[in-house]
Amino acid sequence: MVRNTARGEVAGYMADSVHCGRWRGKGSAPARLGWVSFPLFLDTSPNDSCPSTLSVLCQCRVAQSQCLAGGWLTRRSRSALVCRSTWPVSASRLIESDLTDVPSAALLLFVAYHHRIATHAPHHLAIAPLSASSIPVSALLRSSSTFGAPRPQVNMAEQDRRPTAVRGVIIHATGPEHLTILEDALLAVDANGTIISLEAGVSRQDVAPKLAALGLDLDNCRLVELCPGQFLIPGFVDTHNHAPQWMHRGLGQGMHILEWLSSTAFPNEARYEDLEHAGAAYSALVDGMLRQGVTTASYYGSLHGEATQVLADICLDKGQRALVGKCNMNRGSPDYYRDASVEDSVRVTRDCIHHIRRIDPSGSMIRPVLTPRFAISCEPKLLAELGTMAAEHPDMAIQTHFNESEQEVRGTRALFPDFSSEADLYHHYRLLGPRTILAHCTIMTPYEIRRLRDLGCGVAHCPTANMTVGGGFMAAPIREFMRQGITVGLGTDSGGGYSSSMLNAMRHALIASFARDFMDAKDGSGALSLEEVFYMATGGGARVVGFGDSVGDFVPGKQLDALLVDMRESRGGVNAPLQAGDSLRIMFEKFIMTGDDRNIVQVVVRGKVVLDRT
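Residues numbered from 1 in each chain as written. Predicted model: local features only at pLDDT ≥ 70, side-chain atom pairs only at ≥ 80, totals over all residues. Heavy atoms only, no water.

## Things to note about the environment of Ala-505
- Summarising the element assignment, Ala-505 is placed in helix H12 (residues 502-519).
- For the pair formed by Ala-505 and Asp-238, sequence separation is 267 residues and the distance between their alpha carbons is 9.4 Å.
- For Ala-505, the residues in contact, after removing those within four places along its chain, are Pro-463, Thr-464, Leu-490 and Gly-491. (Helix = DSSP H or I, 4+ residues; strand = E, 2+ residues; numbered from the N terminus. Contact = heavy atoms within 4.5 Å.)

## Describing the environment of Tyr-336
- Mapped onto the fold, Tyr-336 is located in the loop between strand S21 (327-328) and helix H5 (342-359).
- Sequence separation between Tyr-336 and Pro-267 is 69 residues; the distance between their C-alpha atoms is 8.7 Å.
- Once residues lying within four places of it in the same chain are set aside, the contact partners of Tyr-336 are Phe-266, Pro-267 and Ala-270.

## Some thoughts on the packing of aromatic side chains
- Tallying each qualifying case throughout the model produces seven aromatic pairs.
- Here the aromatic rings of Phe-231 and Phe-588 are separated by 6.4 Å at their centres, their planes lie at 65°, and the arrangement is edge-to-face. Remark: Phe-588 occurs in helix H14 (residues 584-594) and Phe-231 occurs in strand S17 (residues 230-234); sequence separation between them is 357 residues.
- In this structure Phe-231 comes out as buried when scored by relative accessible area, which is 0%.
- Seen from their ring centres, Phe-419 and Tyr-429 are 6.3 Å apart, and the 50° between their planes marks the pair as tilted. Separated by ten residues along the polypeptide, Phe-419 in the loop between helix H7 (406-415) and helix H8 (422-428) and Tyr-429 in the loop between H8 and strand S24 (436-440) bring together distant segments of the chain. (Phe/Tyr/Trp six-rings, centres within 6.5 Å; stacked < 30°, edge-to-face > 60°. Buried < 20%, exposed > 50% of the residue type's maximum accessible area, 1.4 Å probe, protein only.)

## Regarding the pairing of strand S29 (residues 608-612)
- Both strand S28 (residues 600-605) and S29 contribute to a ladder of four bridges, which runs antiparallel. Looking at S29, one finds that Gln-602 is bridged to Asp-612.
- In this structure, the hairpin formed by S28 and S29 is closed by a connection of two residues, where Arg-606 is found at a positive phi of approximately 55°. (Pairing = 2+ DSSP bridges.)

## Quick notes on the nonpolar core
- With 110 residues, the main nonpolar core has Phe-231, Phe-236, Tyr-282, Tyr-299 and Phe-591 as its most contacted residues.
- It is helix H3 (residues 275-291) that provides the largest number of residues to this core, a total of nine residues.
- When residues of this core are assigned to domains, at least three fall in each of domain 1 (164-234 + 557-612) and domain 2 (236-545).
- Among the nonpolar cores identified, the runner-up in size contains 16 residues, and Ile-170, Leu-187, Val-189 and Ile-195 belong to it. (Core = buried A, V, L, I, M, F, W, Y, C linked by side-chain atoms within 4.5 Å. Domains from an automatic or database assignment.)

## Here we look at the pattern of salt bridges
- If you walk through the whole model with that rule in mind, you get 25 salt bridges.
- Here Lys-318 makes a salt bridge to Asp-287, at a shortest N to O gap of 3.1 Å. With Lys-318 in helix H4 (residues 305-318) and Asp-287 in helix H3, this pair connects stretches of sequence that are 31 residues apart.
- Judged by its relative accessible area of 2%, Lys-318 falls in the buried class. (Salt bridge = Lys/Arg side-chain N within 4 Å of Asp/Glu carboxyl O.)

## Some thoughts on a nonpolar patch on the surface
- On the surface, Phe-473, Ile-511 and Phe-514 cluster together into a nonpolar patch covering about 300 Å² of accessible area.
- Inspection of the secondary structure puts Phe-514 in helix H12. (Patch = residues over 30% accessible without salt bridge, like charges linked within 9 Å, V, L, I, M, F, W, Y side chains within 5 Å. Areas by Shrake-Rupley, 256 points an atom, 1.4 Å probe, with all protein chains shown as cover.)

## A look at the packing of H5 against helix H6 (residues 380-392)
- Taken N-terminus to C-terminus, the directions of H5 and H6 make an angle of 25°; their axes are 9 Å apart at the nearest point. The angle between the axes of H5 and H6 places the two elements in the roughly parallel class. Here H5 and H6 pass one another in a crossing that is right-handed. Judged by residue contacts, Val-342, Glu-343, Ser-345, Val-346, Thr-349, Arg-350 and Ile-353 of H5 engage Lys-381, Leu-382, Glu-385, Met-389 and Glu-392 from H6.
- A class-by-class count of the residues in the contact of H5 with H6 yields five nonpolar, two polar and five charged. (Axes fitted to C-alpha atoms, helices over the stretch in contact; angles between N-to-C directions. Parallel < 35°, antiparallel > 145°, perpendicular 65-115°, else oblique. Left-handed = near helix turned anticlockwise from the far one by under 90°. Nonpolar A, V, L, I, M, F, W, Y, C, P; charged D, E, K, R; others polar.)

## With respect to unusual backbone geometry
- Geometrically, the link from Ser-494 to Gly-495 is a cis peptide bond, its omega value of 5° lying close to zero.
- Relative to the helices and strands, Gly-495 resides in the loop between strand S26 (488-490) and H12.
- The phi angle at Asp-184 is positive, at roughly 50°, despite the residue not being glycine.
- Here Asp-184 shows up in strand S14 (residues 179-189).
- Here Asp-184 falls in the partly exposed class, since its relative accessible area comes to 33%.
- With phi around 45°, Asn-403 is a residue other than glycine that occupies positive phi space.
- Mapping Asn-403 onto the fold places it in the loop between strand S23 (397-402) and H7.

Structure below.
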């Protein structure tokens, strides 16, 4: 069937079933697909700005999850999904949805070419019988965004899974004051991405016997030799990020927090009811975070359950560790952007928890997190229900905003007059404990600091946002937190924070600490060091979000989440250039203080390369 639409010429193809084996597009690697079932329509959309765009209305189920496309999929009705796909082709993951009322029909694979589509016929498809009764559910296809240039795609499923040995300069921090810089280090990693050994001072000729002593054969290992000017560090951990604010970062700077939420955040977050928008924006978010070396993130979603599930799927697809939470908020926001009721908020939250635990049962990559936005956004009954849910799931993290600004503190006390502090309020509702991630904590009494210490809460320090949105230059008492033994990580708070760079978060943490020292001690004792902010961005952050036993440094037994940093001029960066005689410490400091994402040439999660710009 061929028909005309307002968007252009459309061709539809129907068959009893289609099985796709291998396909090779221009400039692409082959990919293997499983069985798929769905009715579909192709739209060449010749007037689009991209040279080749397809739109697909489809229902489908995929048993094996490797597919080709660049685009996103969203539900347009109970029985239809729409997909737009744009070059370049990228590997995508197909995820089952719960759409069980799909009428059985036909099958189709959609393919985007580098050139304008010259024919409407599907390419490289083989017809084979498949019973419609074996297709009970649909699948949603999600992949890279059309917002901006796509990241270099890495097919993780086809990667070499042999043990790996890395030799060169390796830098990590095992504590706030324990920065270790190893020269000629040998890092051995098994085929599952677990670190076996880390040893400094290993010559090239000693690599083989060192590996043999670990039970590894050099001939069966991938050996990576780092060049002068390159070094390996742990991946960054962003402990506080608002995923639906990616598209409006930097807007409304200087406003007070409640006005900023009403004028900027809430209208933009409300758009995530549209799953097409959510899929595109979240794909761009995760790509952008990986480009900046964020291998683990704690994400606030919007209040929309389906969009939050899309975010979790995309993080897993692209290989980023993440906590993902549906934002709970049933008051204090416009009618168009609030949970319909306490019961609805709880139901959608439970659905998100179930979905995340279904797609990653081990929780090694993606975990759910309870996310009451803040007390101003939650009625007492909702906080109580979330406290009950926290008790039902003793291993699940909790995240919220805490003493973020004077305006927020005053608003909270007006709504909860029975409590003299946010510490007592959240503890009353059973939301404080070792699993709790408290963002900001800028206005703290000695009593509240002691309470956080005694309850084992972690702090997500967001210096960029605290300097630019909220109502003043707010410098959290990080030195006092650390003296009290409270674990602190760094967060970008993007988009309250204009920058999503963890490098900027480290720099701003230093600046904020200098200001805090001037306010308090005035003797330098309140200032943070480079070692401390680097630890907050890696191992400290991993502990705050509950991944500290798995990642954050290169201690044997942990998994390899790492960044390959290249400071050479050939990278085209604007970092302070390396000079003859620069020590390894100076090279490291130049990266932290003047480098950017152009210096991050490879990102590794669980031993797999998820971004490669080498």
